[in-house]
Protein chains: 2
Amino acid sequence: MNEAAPVPRSGERFAVEYHLTGIETDARAKAEALCLDQTVELPDELVPAGMIREQILGRIENFRRLRADRYEAMISFPTRLLTGDCAQLLNITFGIASLKPGIRVARLHLPDPLLQSWPGPRFGQEGLRALVNVYHRPLVCGVLKPLGLPVSDLADLASQFALGGLDLVKDDQGLSDHRFCPFEGRVARCAEAVAKANQETGRSCLYVPHVSGPWKAMHRRCLLAKKAGAGGVLICPGLTGFDALHDIAQDEAIALPVFSHPGLLGSFMVHADSGIAPNVLFGQLPRLFGADVSIYPSFGWSDAMSHEDCHKIAVEVGIPWGHLKPIFPTAAGRMNAERVSEMWAFYGHEVVIILGSGITKPGTDVVAACKVVMDLVTHRVQ
Amino acid sequence: MNEAAPVPRSGERFAVEYHLTGIETDARAKAEALCLDQTVELPDELVPAGMIREQILGRIENFRRLRADRYEAMISFPTRLLTGDCAQLLNITFGIASLKPGIRVARLHLPDPLLQSWPGPRFGQEGLRALVNVYHRPLVCGVLKPLGLPVSDLADLASQFALGGLDLVKDDQGLSDHRFCPFEGRVARCAEAVAKANQETGRSCLYVPHVSGPWKAMHRRCLLAKKAGAGGVLICPGLTGFDALHDIAQDEAIALPVFSHPGLLGSFMVHADSGIAPNVLFGQLPRLFGADVSIYPSFGWSDAMSHEDCHKIAVEVGIPWGHLKPIFPTAAGRMNAERVSEMWAFYGHEVVIILGSGITKPGTDVVAACKVVMDLVTHRVQ
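Residues numbered from 1 in each chain as written. Chains lettered and ligands numbered in written order. Predicted model: local features only at pLDDT ≥ 70, side-chain atom pairs only at ≥ 80, totals over all residues. Heavy atoms only, no water.

A.B. asks: Mind showing me how you'd approach empty space enclosed by the protein here?
C.D. replies: Over the atoms, a rolled probe matching the size of one water molecule traces out where space is still vacant. Inspection of every chain in the model, using the stated rule, returns six cavities of 30 Å³ or more. By volume, the largest cavity amounts to about 210 Å³. In this structure, the largest cavity is lined by 20 residues; those nearest its centre are Pro237, Gly238 and Phe268 of chain A together with Pro237 and Gly238 of chain B. Contributions of two or more residues to the lining of the largest cavity are made by α9 (237–240) of chain A together with α9 (237–240) of chain B. Considered as a void within the structure, the second largest cavity measures approximately 120 Å³ in volume. The wall of the second largest cavity is formed by 18 residues, among which Trp215 and Thr240 of chain A together with Trp215, Thr240 and Ala244 of chain B lie closest to the centre. Within the residue set of the lining of the second largest cavity, elements represented by two or more residues are α8 (215–228), α9 and α10 (242–250) of chain A together with α10 (242–250) of chain B. If one sorts the elements of the lining of the second largest cavity by residue count, α10 of chain B sits on top with four residues. (1 Å grid on protein atoms, 1.4 Å probe; cavity = no way out; pocket = protein on both sides within 12 Å on 5 of 7 lines; lining within 4 Å. Points joined across faces, edges and corners; volume = space filled by probe spheres on them. Helix = DSSP H or I, 4+ residues; strand = E, 2+ residues; numbered from the N terminus.)

A.B. asks: Just checking my understanding: could you explain the environment of aspartate 153 of chain B for this structure?
C.D. replies: Residue and element names in this part refer to chain B. As for its placement among the helices and strands, aspartate 153 is situated in helix α6 (residues 151–163). Under the relative-accessibility criterion, aspartate 153 is labelled partly exposed at 34%. Separated by 34 residues in sequence, aspartate 153 and valine 187 place their C-alpha atoms 13 Å apart. (Buried < 20%, exposed > 50% of the residue type's maximum accessible area, 1.4 Å probe, protein only.)

A.B. asks: Even after reading the chapter, I still don't get the sheet that holds strand β11 (residues 293–297) of chain A, so can you show me in this structure?
C.D. replies: Backbone hydrogen bonds are what pair the strands of a sheet, in a parallel or an antiparallel way. Residues and elements named next belong to chain A. Here we have eight strands laid out as an open sheet, ordered β7-β6-β5-β13-β12-β11-β9-β8, and parallel in their pairing. Across the chains shown, the open sheet's two edge strands, defined by having one partner strand only, are β7 (206–208) and β8 (233–235). Neighbour-to-neighbour, the strand axes of the sheet open up by a mean angle of 25 degrees, direction not taken into account. Examined bridge by bridge, strand β12 (residues 328–332) and strand β13 (residues 352–354) share two bridges and lie parallel to one another. By the bridge assignment, alanine 331 is partnered in β13 with isoleucine 353. Helix α5 (residues 124–132) contacts β5 (139–144), β6 (168–171), β7, β9 (258–260), β11 and β12 of the sheet and is inclined by roughly 70 degrees relative to β12. (Pairing = 2+ DSSP bridges. Axes fitted to C-alpha atoms, helices over the stretch in contact; angles between N-to-C directions. Contact = heavy atoms within 4.5 Å.)

A.B. asks: Just to check I follow, could you spell out helix α1 (residues 24–37) of chain B for this structure?
C.D. replies: The terminal C-alpha atoms of α1 of chain B lie 19 Å apart, and with 14 residues this matches the ideal 20 Å at 1.5 Å per residue to within 8%. Against β1 (13–21), β2 (59–67), β3 (70–78) and β4 (103–109) of chain B lie the buried residues of α1 of chain B. (Expected span 1.5 Å × (residues − 1).)

A.B. asks: Can you help me understand the interface of chain B and chain A in this one?
C.D. replies: For an interface, size is often stated in terms of accessible area lost upon the parts coming together. Contacts between the two partners involve 75 residues from chain B and, on the opposite side, 75 residues from chain A. Linking chain B with chain A are zero salt bridges. Along the contact surface separating chain B from chain A lie 26 residue pairs in polar contact (both at pLDDT 80 or more). For the side of chain B that touches chain A, the secondary structure elements donating two or more residues are α2 (51–56), α3 (86–94), α8 (215–228), α9 and α10 of chain B. Ranked by the residues each element gives to the side of chain B that touches chain A, the list is headed by α3 of chain B, at six residues. (Salt bridge = Lys/Arg side-chain N within 4 Å of Asp/Glu carboxyl O. Polar contact = N/O pair within 3.5 Å; in protein donor to acceptor, adjacent residues only side chain to side chain.)

A.B. asks: It is not clear to me how the side chain of aspartate 167 of chain B should be interpreted in this structure. Could you clarify?
C.D. replies: All names here are of chain B. Tracing the backbone through its elements, the reader meets aspartate 167 in the loop between α6 and β6 (168–171). Separated by 2.9 Å, the side chains of aspartate 167 and arginine 137 make a polar contact. Reaching out from aspartate 167, the side chain makes a polar contact with the backbone nitrogen of valine 140 at a distance of 2.8 Å.

A.B. asks: Is there a simple way to explain the pattern of salt bridges in this structure?
C.D. replies: Between side chains of opposite charge, a pair can form when the charged atoms approach closely. Residues and elements named next belong to chain A. For the structure on display, the rule yields 30 salt bridges over all chains. For glutamate 316, the salt bridge is made with arginine 107, and the minimal N-O distance between the two is 2.5 Å. Taken together, the residues span a long stretch of sequence, with glutamate 316 in helix α12 (residues 307–318) and arginine 107 in strand β4 (residues 103–109) at a distance of 209 residues. Notably, a salt bridge pairs arginine 221 with aspartate 177, separated by 3.5 Å at the nearest N-O pair. With arginine 221 in helix α8 and aspartate 177 in the loop between β6 and α7 (183–201), this residue pair connects regions lying 44 residues apart in the sequence. According to the relative accessible area criterion, aspartate 177 is partly exposed, its value standing at 32%. Residues joined in a network through salt bridges with shared partners are Arg137, Asp167 and Arg203.

A.B. asks: Just to check I follow, could you spell out the pairing of β4 of chain A for this structure?
C.D. replies: In the case of a regular strand, side chains alternate between the two sheet surfaces. Residue and element names in this part refer to chain A. Burial analysis of β4 places six of its seven residues in the buried class, which makes it a mostly covered element. In this sheet, β4 lies alongside strand β1 (residues 13–21) in antiparallel orientation, the contact comprising six bridges. Looking across to β4, one finds that glutamate 17 is bridged to arginine 107. The pairing of β4 with strand β10 (residues 275–276) spans two bridges and is classified as parallel. Paired with valine 105 across the two strands is isoleucine 276, which belongs to β10.

A.B. asks: Can you walk me through the environment of cysteine 86 of chain B in this structure?
C.D. replies: Residue and element names in this part refer to chain B. Tracing the sequence through the fold places cysteine 86 in helix α3. Linking cysteine 86 and phenylalanine 242, residues 156 residues apart in sequence, is a C-alpha distance of 6.1 Å. Setting aside chain neighbours within four positions, we find cysteine 86 in contact with Trp118, Phe242, Asp243, His246 and Phe289.

A.B. asks: It is not clear to me how the sheet that holds β4 of chain B should be interpreted in this structure. Could you clarify?
C.D. replies: Residue and element names in this part refer to chain B. In spatial order, the strands read β2-β3-β1-β4-β10; together these five strands make up an open sheet with mixed pairing. Looking at which strands have only one partner, the edges of the open sheet turn out to be β2 and β10 (275–276). Strands in contact with α1 are β1, β2, β3 and β4; relative to β2, the strand with the most contacts, it is inclined by about 150 degrees. The sheet contacts of helix α11 (residues 278–289) involve β4 and β10, and relative to β4 the element is tilted by about 35 degrees.

A.B. asks: What's the story with the nonpolar core in this structure? I'm lost.
C.D. replies: General note: in soluble globular proteins, nonpolar side chains tend to be found buried as a group. With 244 residues, the main nonpolar core has Leu144 and Phe289 of chain A together with Leu144 and Phe289 of chain B as its most contacted residues. When sequence neighbours within four positions are dropped, the list of residues in contact with phenylalanine 289 of chain A reads Cys86, Leu89, Leu90, Trp118, Phe242, Leu245, His246, Ala249 and Gln250 of chain A. (Core = buried A, V, L, I, M, F, W, Y, C linked by side-chain atoms within 4.5 Å.)

A.B. asks: In this structure, what is going on with the layout of surface pockets? I would like to understand it.
C.D. replies: The computed volume of the largest pocket comes to approximately 920 Å³. Every residue lining the largest pocket is counted, 41 residues in all, and those nearest its centre are Trp301, Gly333 and Arg334 of chain A together with Asp37 and Glu41 of chain B. Within the residue set of the lining of the largest pocket, elements represented by two or more residues are β11 of chain A together with α1 of chain B. Among the elements that make up the lining of the largest pocket, the one with the highest residue count is α1 of chain B (six residues). In the lining of the largest pocket, the residues fall into 20 nonpolar, nine polar and twelve charged. Lining the second largest pocket are 38 residues; nearest its centre among them are Glu41 of chain A together with Trp301, Gly333, Arg334 and Ser357 of chain B. Here the lining of the second largest pocket is built from residues that sort into 20 nonpolar, eight polar and ten charged. (Nonpolar A, V, L, I, M, F, W, Y, C, P; charged D, E, K, R; others polar.)

Structure follows, in structure tokens:
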């Protein structure tokens, strides 16, 4: 029982790898409790015999020691407990377990027949590269901020980013539908500014507005964004729920690349012994639920994100996973020209780099500063 | 600066009380970073002078030592950064901050003019008491489980709970829209079973189905539930997003009591030095967003929930808070007849007690067992 765990293939069951904190007896007790808590939520002695005991309960497929106070349990659940939406997958994976300390979701193992029921990313790395017409280097994204600027200033900034040669310009996640900067006006002006700059540069920079709020407002805003010529939408599934992201990714009338932002998701990962590991939270979940780009704070910004976490995210979003297209890992947090080579060296070229706010320092020629970064990205400095 | 912090009253700013882990210099640095991260997300030297620096940034209104390695910072933000939805309130309160360790949201201070824009709970304690026609004792709720039972068995169980005199019967949060137990059939049968039992007992037990999934499915299911005679809806905002709960609570066509369930929310509170404190997560947020009943695991189930946490939740949901109706705190987790008096003694009579699965132990006469509990609740054993 000390080997890597078997992965379900038939589609009748899927598995979740949990890391459990404690001495072996405690960790085993946690694994046994997970089998019950995440399905029937009954004590073992109350589980009815027959179908429920034999087929509904979670099963410990493997249990092994990782280190003195940490164990890995691979637990399988019947696929029939899922219902095709994000909510129920998260519910079975971690709904009740989230309420107890010392349990971390370390990886999902979803067999191909189950993956078939998830459409996944519409564009993926390849589709997004085709849209921006850039194939062999990292993509670079500027951010429209700060919250508080009027629409005209944000549109000017969008124009400068695009004239400077960036591939993507996204809203800050603080921009919503404020009176001083309304969604509709902002998106129309910024999309127009980027389109005009593209005419000048001959490039295909995409503008990606932040869409948030209750579902009806989000849906309406996505359609407005589409109509205005936005090139994608930025969604914080921690604020809106993952099903909102999934719905929008699948909506044929919207059909825009979806950028997933980590706002409010941090509590799932700031403690290494509980929650949902970054490779799941920022890797597997956004890809499964249809994001084309998964943004997270790369190492160097939060103590909670290590080099290893970021490496694992980059692996998760790019490895073969059923029919699901690979998506972009997206390094954010204090990125500047000096870090471009570091990011490329670390991630390879399949990464989106989100430039930090240093690029818009007062007095800076933003267009020129962007060109410096794009030169670095195009002619990689070793 | 070592006194309780002032609370904004004018409505132009609201305040968030954060607990910050670390020595004083670190905690101060965290407080200063919060003022920037939760608004403009720029380093201080890049914040434009004028309106943005003067009005948009968070402000430290108070900073005090709680103990050697823990400080409290009261930080105010401009109300104009909110947009009337749950997503943006959570975004400004904790969106980016969630990604860093050692920051905990300890309390929200929302001035009355801001509260006016939140309708809050439709029924509250008083409204729910009127619906079940019970006024001077805790309410008692049974749970339809386990996941895996067919509809007919769940309906039988619902009938027994209602015949036994329980006030409320809710779905387990694992029940969704499974092929072996479809939503529409389950809700119709269970609502009918409870209605029939009510005719027999002359009481007004309410059946509360779990509603989950993407927003359109949730909305459709709520309307189905209403039509079928359900007496409330159970929603897990951790799975669906808080705006889904808020939308449903406000929907005039649904107009049912809303029960908030803690599924997937645990990662916000399992570590005492990060996330969102239980009094906010299970107290202030559900009440503000329109839940009538806030379910959480009471002390004795998870190591993460202390007596003090539960006491604070009970205070938050019941104290005067603008025009917002008081709602029910709801003790769940291993509740049985023996714990009824303990819960009453601890919470007073303004509490919903969710009975644990022991009440349905095989071989138990469920109706008789419920009657024992209801006798205890009605004639409190001191």
